[in-house]
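Letter by letter, the chains look like this.
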Amino acid sequence: MRQARWVAWAAVGMLLIFTIPGLAREKAEISPQSRSCLGCHKTATPAIVADWQNSRMSQTTPAQAMEKDQLERRISADAIAGHLETVVVGCAECHTLRPETHADSFAHAGQKVHTVVTPEDCAVCHSREREEFSNNLMAEAHGNLMDNSLYDALITAVNGRLSIDDNNGLSQHKPDEQTNADSCLFCHGTKLTVEKTAERQTSMGPMEFPVIRGWPNQGVGRINPDDSRGACSACHPRHRFAIETARKPETCSQCHKGPDVPAYKVYRVSKHGNIYNAGKASEKWDFSAVPWTVGEHLEAPTCATCHVSLLTDANNRVIAERTHQMNDRLGRRIFGLPYAHAHPQSADTTKIQSKDGLPLPTALDGTPAEEFLISKQEQQKRTRTLQQVCLSCHSTGWVEGHFNRLANTVETTNEQVRTATQILEKAWQTGAARGPQSRASPFDEPIERMWTETWLFYANSVRFASAMGGADYGVFAQGRWHLTRSIHKMAEMAESGAVSSRQAP
């Protein structure tokens with residue numbers, strides 16, 4: 001009787017293996033090179049190993065990933081050379097790729113290993129994502145900030161140490177490299193360069209490692225030792241690289257939370273954020289599904305829903321294609337600069353020059369440098385793509401009304417910034433403050449700092465609140481009240497002559 005039961009269960013098991021897709025497949029293999037890494041790192045860095053073991057990459061080979069239907073695929077490569085296709089993506093598959101291109105490569109445990117895994121390494125499997133990201137403003141975030149003389153002056157105004165000079169006035173000093181790395185470049189990305197090698201004591205004894213200047217950093221525009229730009233781990237944290245992490249708004253909040261880019265704070269108070277938080281989305285929504293089906297896997301959008309993810313409806317109709325060029329669905333650029341404007345054509349914005357000779361996409365009077373910006377047709381195309389996402393939940397009238405309000409907000413905030421700029425320009429013209437025409441920083445005197453807050457904090461917040469449905473944040477929390485109050489203060493400062501921190505001669 002017992003033997004008959006065993007035979008019956010065995011027959012059921014064989015039937016399942018040959019009838020359920022995937023069960024007949026052999027267990028994904030770990031390469032000998034990665035097994036060697038794991039042998040030591042289970043002891044040396046156990047949390048890293050545990051993260052990787054819980055990842056999809058540790059359980060699936062690229063060959064298995066490429067067998068998926070097109071909509072279900074998480075990998076954009078159609079073919080992968082060599083043995084990489086048939087083993088899981090382990091330590092060696094990422095950290096020993098293309099050693100000749102990595103200035104941080106070093107001899108380690110019989111292999112040439114590099115510390116920093118870059119988008120060029122990830123491109124072996126995710127070539128389309130790498131290409132899209134390279135056309136994204138984020139990929140050039142380091143250079144766009146550090147190679148722009150005007151932004152450099154803003155960094156100095158924010159990060160530079162202040163001291164009392166001989167005339168009892170304030171002197172501003174250039175910030176040191178570590179301060180910049182700990183602030184602006186935390187998100188924009190540092191430049192990684194190998195300075196030397198140094199011996200360190202490890203649990204396996206003394207070993208030689210490269211000393212990398214600018215490390216650690218996971219900024220979106222990081223310049224890597226192989227000269228590539230970006231860090232995939234900014235959104236897909238090492239060593240799990242989970243898609244569900246990148247899809248949650250908390251991940252975006254790492255860099256989009258301050259008063260200059262308050263996207264996360266606005267999202268939290270919006271109706272979408274309300275549904276996300278009140279419904280305990282992290283427990284109920286399926287953040288790992290590919291494709292992401294609106295109404296089935298999620299009940300309201302997150303940042304990734306609107307700007308990145310492949311979305312489908314219940315009939316597998318594509319609502320929006322996946323993209324890693326974050327402005328593919330955005331016609332306007334609404335933050336970080338005095339005036340909202342069309343997105344730049346190139347991810348490298350250091351080539352842009354306004355009509356008044358400043359490295360900005362708009363002149364100080366708001367006139368756009370159109371030759372460097374996308375056309376109106378392209379703006380409309382990108383806006384329509386985003387509206388398709390909105391229309392999966394909302395009626396046409398609702399969506400049109402929302403975007404009409406946003407257009408009005410852009411117009412009115414630009415007008416307010418223009419008023420603030422006119423007050424500042426008058427102070428420059430009278431010599432009460434120094435500005436670009438005097439080859440001085442436009443950010444270091446009291447009235448200039450008030451002007452900067454007007455657009456960098458308040459106008460930006462109003463635009464974000466309008467774009468994302470966070471009305472109160474755009475009124476009193478950080479918006480219109482502060483925007484108009486700031487302009488009043490500037491006018492009072494200009495009238496009283498209290499515009500400068502310099503001492504009278």
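Within every chain, residues take consecutive numbers counted from 1 along the sequence as written. Selection of residues for local features in this predicted model requires a pLDDT of at least 70, selection of side-chain atom pairs for listing and counting requires 80 or more, and totals for whole chains, interfaces and linings are taken over all residues. Water and hydrogen atoms were dropped before computing side-chain values, which therefore reflect all heavy atoms in the structure.

> What exactly am I supposed to notice about the sheet that holds strand E9 (residues 318-320) here?
Paired through backbone hydrogen bonds, the strands of a sheet run either parallel or antiparallel to each other. In this scheme, strands are said to pair when DSSP sees at least two bridges between them. Working definition: helices are DSSP H or I runs of at least four residues, strands are E runs of at least two. Numbering for both runs from the N terminus. Taken in spatial order, the three strands of this open sheet run E7-E8-E9, and their pairing is mixed. Bordering the open sheet on either side are strand E7 (292-293) and E9, each of which pairs with just one other strand.

> What is the right way to look at the side chain of Asn148 in this model?
By secondary structure assignment, the location of Asn148 is in the loop between helix H8 (141-146) and helix H9 (149-159). Aside from chain neighbours lying at most four places away, what touches Asn148 is Gly143 and Pro359. Whether two residues are in contact is decided by their heavy atoms, any of which lying within 4.5 Å being enough.

> Please explain the state of the cysteines as it appears in this structure.
Two cysteines joined by a covalent bond between their sulfur atoms form a disulfide. Criterion for a disulfide: a pair of cysteine sulfur atoms at a distance within 2.5 Å. Summed over all chains, the structure comprises one disulfide. Disulfide pairing is shown between Cys187 and Cys255; the S-S distance is 2.3 Å. An S-S torsion of about -100° defines the bridge between Cys187 and Cys255 as left-handed. Here the residue Cys187 occupies a position in helix H11 (residues 184-188), and Cys255 occupies one in the loop between helix H13 (249-252) and helix H14 (263-269), the gap between them amounting to 68 residues. The cut-offs for exposure are 20% and 50% of the maximum accessible area for each residue type, with area from a 1.4 Å probe on protein chains only; residues under the lower value are buried, those over the upper are exposed, and the others partly exposed. What makes Cys187 buried here is its relative accessible area of 18%. Cys255 gets classed as partly exposed once you look at its relative accessible area, which sits at 31%. Of all cysteine sulfurs, the one in Cys306 lies closest to Cys390, which takes part in no disulfide; the gap is 6.0 Å.

> How should I be thinking about the pattern of salt bridges in this particular structure?
Pairing is possible between side chains that carry opposite charge, provided their charged atoms lie close to one another. We count a salt bridge whenever a side-chain nitrogen from Lys or Arg sits within 4 Å of a carboxyl oxygen from Asp or Glu. One pass over the structure, following the stated rule, counts 15 salt bridges. Arg317 is the salt-bridge partner of Asp313, the closest N and O atoms lying 2.9 Å from each other. Shared partners join several salt bridges into a network, and the residues in it are Arg98, Asp121 and Asp226.

> Looking at this model, I keep getting lost on helix H2 (residues 32-44). Mind explaining?
An α-helix turns once every 3.6 residues. As a result, residues three or four positions apart point the same way. One less than the residue count of a helix, multiplied by 1.5 Å, gives the span that helix is expected to have. If you check H2, its first and last C-alpha atoms are 19 Å apart, about what 13 residues at 1.5 Å a residue would give, namely 18 Å. Those residues of H2 lying buried are Ser34, Cys37 and Leu38. Looking at the packing, one finds that the buried side of H2 touches helix H3 (46-53), helix H5 (91-95) and strand E2 (111-114).

> Looking at this model, I keep getting lost on the confidence of the model for the protein chain. Mind explaining?
Atom-level detail of predicted coordinates should not be read off regions where pLDDT is low. Each residue carries a pLDDT score, the predictor's own confidence in it, on a scale running from 0 to 100. Averaged over all residues, the pLDDT of the protein chain equals 92, while 94% of them reach at least 70. Taking the mean pLDDT of every element in the protein chain, the minimum, 40, falls on helix H1 (residues 2-19) and the maximum, 98, on strand E8 (residues 311-312). Low pLDDT, under 50, characterises residues 1-25; the stretch is placed with five contacts to residues that sit more than four places away or in other chains.

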